[in-house]
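# Report on the structure
Single-letter residue listing:
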Amino acid sequence: MTENLTLSAITRLDLPTSAEQLVALHVNQELRLFGAIYTMRDAGHQRAIEYLEAHGELPFSLAGQALFYAGPTPGKAGRPFGAIGPTTSSRMDAFTPKLHRAGINLTLGKGQRSEAVRSACHETRSVYLTTIGGAAALLARHVVSAELIAWPDLGPEALYRLQLEGFPAWVSIAAIESE
């Protein structure tokens, strides 16, 4: 017996991306990410929000940018990082709506998000993407360069700008709520 298997089309998404491209994405859509994305985890989020509340803006522009919840390990085998995997996104839920309103239009991590984050995505026309947990060494192969941007004292939780090439991701919260 022969079964027909249909493979879903994989969409290339260049970062940073436009609002028009974001609203065209739909839940469960498979993507390959190319271009610039920033990394931050718990300590970086805390510092960013404190600065935002004190100064009304971030010390660097992240407007229209993508944010990956990750803490990379030191470089290895000629790559910027030995491993870089997604952090559980719900740990950043208290900070995410404020960062969306400050201009972040795409977040990437793993796991479920709160209703507040879902609402902020719809309000700001932002998206939440997920990627594979437990495959950090494999994912590191899709990072072609990395630059430290801010807070070097935070080590792996500092703010980095990465250049991605073919990084796998799936849409988990779309910019527009499906009906």
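Summary of the structure given here. (Residues numbered from 1 in each chain as written. Predicted model: local features only at pLDDT ≥ 70, side-chain atom pairs only at ≥ 80, totals over all residues. Heavy atoms only, no water.)

The next point concerns helix 2 (residues 42–55). For helix 2, with 14 residues, the first-to-last C-alpha span of 20 Å sits near the 20 Å given by 1.5 Å per residue. Of the residues making up helix 2, those classed as buried are Gly44, His45, Ala48, Ile49 and Leu52. Projected onto a plane normal to the axis of helix 2, the buried residues spread over an arc of 130 degrees and lie on a single side. Helix 2 presents Glu53 and Ala54 as exposed residues on the side facing more than 90 degrees away from its buried surface. Among the structural elements, strand 3 (66–68) and helix 3 (96–101) are those in contact with the buried residues of helix 2. Positioned one or two residues after helix 2, Gly56 has a phi angle of 80 degrees, which is positive. (Helix = DSSP H or I, 4+ residues; strand = E, 2+ residues; numbered from the N terminus. Expected span 1.5 Å × (residues − 1). Buried < 20%, exposed > 50% of the residue type's maximum accessible area, 1.4 Å probe, protein only. Arc of directions from axis to C-beta. Contact = heavy atoms within 4.5 Å.)

With omega at -5 degrees, the peptide bond leading from Leu15 into Pro16 counts as cis. For Pro16, the position within the fold is in the loop between strand 1 (11–15) and helix 1 (19–23). Phi is positive for Asn28, close to 75 degrees, though the residue is something other than glycine. Relative to the helices and strands, Asn28 is located in the loop between helix 1 and strand 2 (30–39).

Side chains that differ in charge, positive against negative, can pair when their charged atoms come close. Summed over all chains, the structure comprises nine salt bridges. Taking the shortest distance from any N to any O, the salt bridge between Asp14 and Arg12 comes out at 2.9 Å. For Arg113, the salt bridge is made with Asp93, and the minimal N-O distance between the two is 2.6 Å. Here Arg113 is found in the loop between strand 4 (106–109) and helix 4 (115–124), whereas its partner Asp93 is found in the loop between strand 3 and helix 3, with 20 residues between them in sequence. You can call Arg113 buried: its relative accessible area is 9%. On the basis of relative accessibility, which here comes to 12%, the residue Asp93 falls in the buried class. (Salt bridge = Lys/Arg side-chain N within 4 Å of Asp/Glu carboxyl O.)

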